[in-house]
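Residue-level structural notes
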Amino acid sequence: MAETTYSDALKKAVCSITTVLCDELLEICEEELKKRKRKVWVRNWMDKKKCGASEIIIRELRDNDPLEFKSVIRLTPEQFEELLLKISPIISRADTFMYPALFARLKLELTLAFLASGTNSRILSIMFRVSKASISNMIPEVCDTMLYTIPVSCCRCGDVVERESRRASKTK
């Protein structure tokens, strides 16, 4: 088979065309990267935690109207603070590179508001400015922590269980 020899001029032409095409392709790729929209990790309004129910409404109730605070949270402000002191070391998290951690106070207020009212996670998400995914993880975590932290003697649950078991035994 005969070897085909290319002239130096042809080699230079192919090399320069290849270089131009690579440069064009690189520019097109860079433009496409600039056009891509980033996915939203946190909605803009949700990032303003200072405006949520925890920072405004519940704090105002705690400071100015303890009776209404108790009707919303089902604890007096003193009981709330005592419970927060007990469970905050367990439910507190460190900030991550991507996102700051939620405060233990916010987690407890949200959980108690959920337990007291049964409000769905979408409404809680809007009120407290916390994602629904965080809420669905947070409520069981805080409930489990309260269950293992608070002695049964402090809860009325023991009385309710005892009363119900007595009622059940009477009906037999």
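In this text the structure is predicted, and so the values were computed from the model without any measurement.

**Side note on the overall build of the protein**
Along the protein, the regular secondary structure elements total eight helices and zero strands. Ordered by position in the sequence, the α and β elements of the protein form the string α-α-α-α-α-α-α-α. The buried share among the 172 residues of the protein stands at 23%. Split by element, the accessible area of the protein, about 13400 Å² in all, is 59% carbon and sulfur.

**Describing the side chain of Arg62**
With respect to the helices, strands and loops of the structure, Arg62 is situated in helix H2 (residues 57-64). The exposure class assigned to Arg62 is buried, which follows from its relative accessible area of 17%. With sequence-adjacent residues up to four places away left out, Arg62 is seen in contact with Phe69, Pro77, Glu81, Arg105 and Glu109.

**Thoughts on the confidence of the model for the protein**
Looking at the protein, pLDDT values average 77 and 73% of them are 70 or higher. Element-level pLDDT for the protein is lowest in helix H8 (residues 157-171), with a mean of 51, against a maximum mean of 91 in helix H4 (residues 77-91).

Cut-offs and rules
Residues numbered from 1 in each chain as written. Predicted model: local features only at pLDDT ≥ 70, side-chain atom pairs only at ≥ 80, totals over all residues. Heavy atoms only, no water. Helix = DSSP H or I, 4+ residues; strand = E, 2+ residues; numbered from the N terminus. Buried < 20%, exposed > 50% of the residue type's maximum accessible area, 1.4 Å probe, protein only. Areas by Shrake-Rupley, 256 points an atom, 1.4 Å probe, with all protein chains shown as cover. Contact = heavy atoms within 4.5 Å. pLDDT = per-residue confidence, 0-100.

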